[in-house]
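Structure assessment
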Amino acid sequence: MKKIPALAAAVLALTGAAAAFAQGGYNRPPMGDMQYAQCLVYADRLYEGGNEPSPVRGQTKAQAWCTCMWNETPDDFKGNLVRFAETRKGKETNKVCEKHSDWSE
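Because the structure is a prediction, the values reported are computed rather than measured.

Another point: the pattern of salt bridges. Tallied over the full model, the rule gives 1 salt bridge. Here Lys 61 makes a salt bridge to Glu 52, at a shortest N to O gap of 3.2 Å. Glu 52 gets classed as partly exposed once you look at its relative accessible area, which sits at 40%.

As structure tokens, then:
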């Protein structure tokens, strides 16, 4: 009898984890975050297809990409996320975020 509640708890935990993954798995930047806003504007000027829907429900490809970049850079990073993605050091992060947003060339 104890197996049924344990199984139910495991199913609920997995469902919650799957829902978090479907939402993108990243923390959303705080409202008014200038670095995130700058990323959206800069990415919109430089790249095409940013307004297309991403696999992350409720986000465009540019929003999902900038959210990923915002989360994947160190907390003390204060620069331009798009410019960072184009650097040698940022190329690997860029690949991760392109995959996350389904926004690649």
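Attention now goes to the nonpolar core. Most often, soluble globular proteins have nonpolar side chains that are buried together. With 16 residues, the main nonpolar core has Cys 39, Trp 65, Met 69 and Val 82 as its most contacted residues. Listed by contribution, the elements that provide at least two residues to this core are α2 (34-46), α3 (61-72) and α4 (81-85). At 5 residues, α3 tops the list of elements feeding residues into this core.

The rules behind each value
Residues numbered from 1 in each chain as written. Predicted model: local features only at pLDDT ≥ 70, side-chain atom pairs only at ≥ 80, totals over all residues. Heavy atoms only, no water. Salt bridge = Lys/Arg side-chain N within 4 Å of Asp/Glu carboxyl O. Buried < 20%, exposed > 50% of the residue type's maximum accessible area, 1.4 Å probe, protein only. Core = buried A, V, L, I, M, F, W, Y, C linked by side-chain atoms within 4.5 Å. Helix = DSSP H or I, 4+ residues; strand = E, 2+ residues; numbered from the N terminus.

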